[in-house]
Amino acid sequence: MGSDEDKALPPPPPALPPNLVPEVEPIKKNTLLPMARRGTGSKGQRIPLLTNHFKVNFNNASGQFFHYSVAITYEDGRPVEAKGIGRKILDKVQQTYKTDLGSKYFAYDGEKTLFTVGPLPSNKLDFSVVLEDAPSSRNNTGNGSPNESNDADRKRSKRPNQSKKFMVEISYAAKIPMHAIAAALQGKETDSLQDAIRVLDVILRQSAARQGCLLVRQSFFHNDAQNFVPIGAGVVGVRGFHSSFRTTQGGLSLNIDTSTTMVVQPGPVVDFLLANQNVKDPYSVDWNKARRVLKNLRVKVAPSNREYKISGLSESRCKEQMFSRNSKNDMGEVVEHQTTVFEYFTEFRNIQLQYSGDFPCINVGKPKRPTYIPIEHCELVSLQRYTKSLTNLQRASLVEKSRQKPLERMTSLTTGLKNSNYNADLVLQESGVSIGSSFTHVEGRILQAPKLRVGNGEDFQPRNGRWNFNNKKLVEPTTVTRWAVVNFSARCDTNRLIPDLIRCGNMKGINVEPPYEVVFQENAQFRSAPPHIRVEKMFEQIQSKLPGKPKFLLCILAERKNSNVYGPWKKKNLAELGIVTQCIAPTARINDQYLTNVLLKINAKLGGLNSLLTMERSQAMPSVTQVPTIIVGMDVSHGSPGQSDVPSVAAVVSSRQWPLISKYRACVRTQSRKVEMIDNLFKLVPGKEEKMVDEGIFRELLVDFYSSSQKRKPDHIIIFRDGVSESQFNQVLNIELDQMMQACKFLDEKWNPKFTVIIAQKNHHTKFFQDKGPDNVPPGTIIDSKICHPRNNDFYLCAHAGMIGTTRPTHYHVLYDEINFTTDDLQELVHSLSYVYQRSTTAISVVAPICYAHLAAAQMGTVMKFEDMSLSETSSSHGGITTPGAVPVPPMPKLNPEVASSMFFC
């Protein structure tokens, strides 16, 4: 070594004390970002299509949006918190102070932000405006009548809040250059683009708000009875429009789609209550239920048509409910005396009441300072959102009534765009933005369906995304042995069901042996017992009459969708006993088609295969069938709205028995509610002798792949992730993918598998229509040009045949690809994975591993609903998470090893 270099070295560090452990700095990793597109695909027959994206034109590249903060207070300095009043106040500012605003129009978001094109005359502006009849939280005279009165009464009551003064402060916050929009039109994304698009979105929302629409995120709903469809129990579906600006390879476009939200049935309060409780007259109404459902809804009160918020109901009925009011006696002195609400209205106000006397009054005051109004004078205001979760009946009704065929949807979108009249908006005009009126033309490609293999070595090509098993055998039929039938009080002719099931099974190659002779009927005395008791009693019967544990149970339920026995039944079989079970709830006559569908599920659950892709047994896709490859599907399901204590359920499924990509197993865990990222993929815990072990989800699946695939580790890992928005892509790459990589390294330091990560999104608003013809796009239609992301690697695929309504494509985003698939190969793999779903004989709309993860999460979610939520289980058992201060998450019951690797979710 050269002596010059030695001289340049710093002196050695001082010796460390022997007991000091040096801190090891964590290795800094590069943050992963979504990969760029590598090119477009070329396979498939080309097809001209239209899409619901409307071109945005722009002619003001040198302009700037100015962003201002808005603070609105009452005269005494208290901030105004009433929702919805901000727009009225700012509209008044715009009218009153036109000159002070430099004749500028602004786009206001209804809360604390407004935008203008170019600057206002000053960086800080203060205004005061008066609103007549402003709504207020203190708009009644206390413990008295509701002042729904004539002018003389109004003068007498000297209402303090007839008009209200508001102080408005507008102060400069930032500038947003408009050249970001110009760059987007050329397919380039700049840093300020999202801010500029936000301004455009605010302009459109303001335009809809001025037309009296209900705004829900990026959708708006007109108060038009033509758009209302009742879906039961006083809930109404309202059809409206979603609109959002999207950057695409073809520039900037406005994506408009039909959208539906739920509102409370407008009109007389009594009519709503009768519908909500499904009763015929007000005398049958449960008023305690009514009190809960009406709280916080807004009513319009006759005869003045003023609006109030309901705070509750009176304790007594209208004829008996007393309140104190002031009046003058003969000497002209003001005296207070008690009267009933009924007397006040009928005698003092001379307003006849038809039926309110026998029912509680609506309270629109404060609980301690009530203001009572007879129920027949109250009408629910239109467009009040209903945010509770829908029943299965309501959901089915909503789906049925809101679906539209492609041509019908195109017509309503064209009408919606015309009625919204965006190009007349003054702020949009100032910004130089205008919106085209015609659907965008795009080119799609129709991929050929993959060949499927069934029994007896027969290969065939599905047609129009469908096939059937008529005169065909299953590719790997199983034997159904040691099985029994269990009936939870359903009407079902089991004497006919059993031989029919055996006969249909034999036709498909499944050897269904005769079941145990006894059919276990539920004892009538337990029919109304708690669900878990009903299940326990059924198993007492089974255990007393069978020679040992059955391998399979066919369970007949009386309720189709929401049987409360289902959760405890699945828990008992899957977690405790390790028995494969299939539930059915036959409603009509059971035919061969129904039984074949049930047998497809039974065969898959018992380890058989119904059909597989011919390529799984060939060299067709070398990077999957020649190199050990595991395919993973991931999803998280959350409790419905209003279920604040239900944990979220994360499910990860993975393929097994490579080279198959048609067989899967699942691993399901609970996690903190409403958390979308899966937090248990890699989880180190102290094991024996304090050695750390990985108890995460991914290790469990990797070990299963190894043991089921001739002791081969996967060299390729393909991950499909559902349910995440674009804002979470980086977290999937830098949290979830990182955990999976760590799990691999922890298993074997020298092992370097290659990963590919693909997101599937169904929750978007892009639709495709045939350029000529009324039908949905054909199954296998793929679009990866013109309206896809300007940079990222994404494509739209309609793998399935849309039979009803308008096909919703799945939007796939390839975030990461170390395997280096060609564009065509990757698109073909995704398309093929829509054909391996063992439950059906059709191509499905999203890849099978994601559907399986969804099923597994949903099924184990029903198990969790019936779990004892006690804390004692939480801290010690498998999979429970407790963090300081957080609500403890009850653990998922661990599956019995005998069913853990089965397709129990199928």
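Since the structure is predicted, the reported quantities are computational estimates derived from the model, not experimental observations.

Engineer: Looking at this structure, how should I read the packing of aromatic side chains?
Structural biologist: Geometrically, a pair of aromatic rings is defined through the distance of the ring centres and the angle of the planes. Applying the stated rule across the entire model yields 23 aromatic pairs. For the ring pair tyrosine 344 and phenylalanine 345, a centre distance of 5.4 Å and an interplane angle of 85 degrees mean the geometry is edge-to-face. Just as tyrosine 344 is buried, phenylalanine 345 falls in that class too. By the ring-pair criterion, three or more aromatic residues cluster together here, those being Tyr664, Tyr837, Tyr852, Phe904 and Phe905. Positioned over the ring face of phenylalanine 460 is lysine 472, at 4.9 Å from the centre of the ring. Above the ring of phenylalanine 539, the side-chain terminus of lysine 572 is found at 5.9 Å from the ring centroid.

Engineer: Teacher, can you tell me more about the pairing of strand β28 (residues 552-557) here?
Structural biologist: Walk down a regular strand and you will see the side chains alternate between the two sheet faces. Of all six residues that make up β28, six are buried, and the element is covered over most of its length. Residues Phe552, Leu554 and Ile556 of β28 are buried on one face, and the alternating residues Leu553, Cys555 and Leu557, pointing to the opposite face, are buried as well. Pairing analysis gives six bridges linking strand β25 (residues 483-488) to β28, with the strands arranged parallel. Looking across to β28, one finds that valine 486 is bridged to cysteine 555. Note that β28 and strand β29 (residues 580-584) share five bridges and pair parallel. Bridging across to β29, leucine 554 finds its partner in glutamine 582.

Engineer: What's the story with the sheet that holds strand β19 (residues 372-373) in this structure? I'm lost.
Structural biologist: For sheets, the rule is that strands pair by backbone hydrogen bonds, running either parallel or antiparallel. Across the sheet, which stays open at both edges, the three strands sit in the order β15-β18-β19 with antiparallel pairing between neighbours. The open sheet has two edge strands with one neighbour each: β15 (312-317) and β19. As judged from the three bridges shared by β15 and strand β18 (residues 360-363), these two strands associate in the antiparallel manner. Looking at the pairing, arginine 317 lines up with proline 360 of β18. The strands touched by helix α7 (residues 287-294) are β15 and β18; relative to β15, the strand with the most contacts, the crossing angle is about 155 degrees.

Engineer: How should the state of the cysteines be read in this particular structure?
Structural biologist: Counted according to the given criterion, the structure contains zero disulfides. Its sulfur unpaired, cysteine 318 is 3.9 Å from the next cysteine sulfur, which belongs to cysteine 361. Since its relative accessible area comes to 0%, cysteine 318 is described here as buried.

Engineer: What should I look at first to understand the packing of helix α6 (residues 269-277) against α7 in this one?
Structural biologist: How two helices pack is summed up by the angle between their axes together with the distance between the axes. At a closest axis distance of 11 Å, the pairing of α6 and α7 adopts a crossing angle of 110 degrees. Taken together, α6 and α7 sit at an angle that is classed as roughly perpendicular. Handedness of the crossing formed by α6 with α7: right-handed. Counted together, Val269, Phe272, Leu273, Asn276 and Gln277 of α6 and Trp287, Lys289, Ala290, Val293 and Leu294 of α7 form the full contact between these two elements. Along the lines of polarity and charge, the residues of the contact of α6 with α7 split into seven nonpolar, two polar and one charged.

Engineer: Please clarify how the environment of leucine 90 should be interpreted in this entry.
Structural biologist: Note that leucine 90 resides in helix α2 (residues 85-96). The exposure class assigned to leucine 90 is buried, which follows from its relative accessible area of 0%. Taking the C-alpha atoms as reference points, leucine 90 and valine 399, 309 residues apart in sequence, are found 39 Å from one another. With residues up to four places along the chain from it excluded, the contact list for leucine 90 reads Val70, Ile72, Phe106, Tyr108, Leu114, Val168 and Ile170.

Engineer: What exactly am I supposed to notice about the sheet that holds strand β20 (residues 378-380) here?
Structural biologist: The strand order across the open sheet built from four strands is β12-β20-β13-β14, with neighbouring strands paired in antiparallel fashion. Lying at the two open borders of the sheet, with one neighbouring strand each, are β12 (267-268) and β14 (306-309). Where strand β13 (residues 298-301) meets β20, three bridges bridge the pair, whose relative direction is antiparallel. Opposite valine 301, over in β20, you have cysteine 378 as the bridge partner.

Calculation criteria
- Residues numbered from 1 in each chain as written.
- Predicted model: local features only at pLDDT ≥ 70, side-chain atom pairs only at ≥ 80, totals over all residues.
- Heavy atoms only, no water.
- Phe/Tyr/Trp six-rings, centres within 6.5 Å; stacked < 30°, edge-to-face > 60°.
- Buried < 20%, exposed > 50% of the residue type's maximum accessible area, 1.4 Å probe, protein only.
- Lys NZ or Arg CZ within 6 Å of the ring centre and 35° of its normal.
- Helix = DSSP H or I, 4+ residues; strand = E, 2+ residues; numbered from the N terminus.
- Pairing = 2+ DSSP bridges.
- Contact = heavy atoms within 4.5 Å.
- Axes fitted to C-alpha atoms, helices over the stretch in contact; angles between N-to-C directions.
- Disulfide = S-S within 2.5 Å.
- Parallel < 35°, antiparallel > 145°, perpendicular 65-115°, else oblique.
- Left-handed = near helix turned anticlockwise from the far one by under 90°.
- Nonpolar A, V, L, I, M, F, W, Y, C, P; charged D, E, K, R; others polar.

Read these as layout, nothing more, since geometry by itself doesn't imply function.
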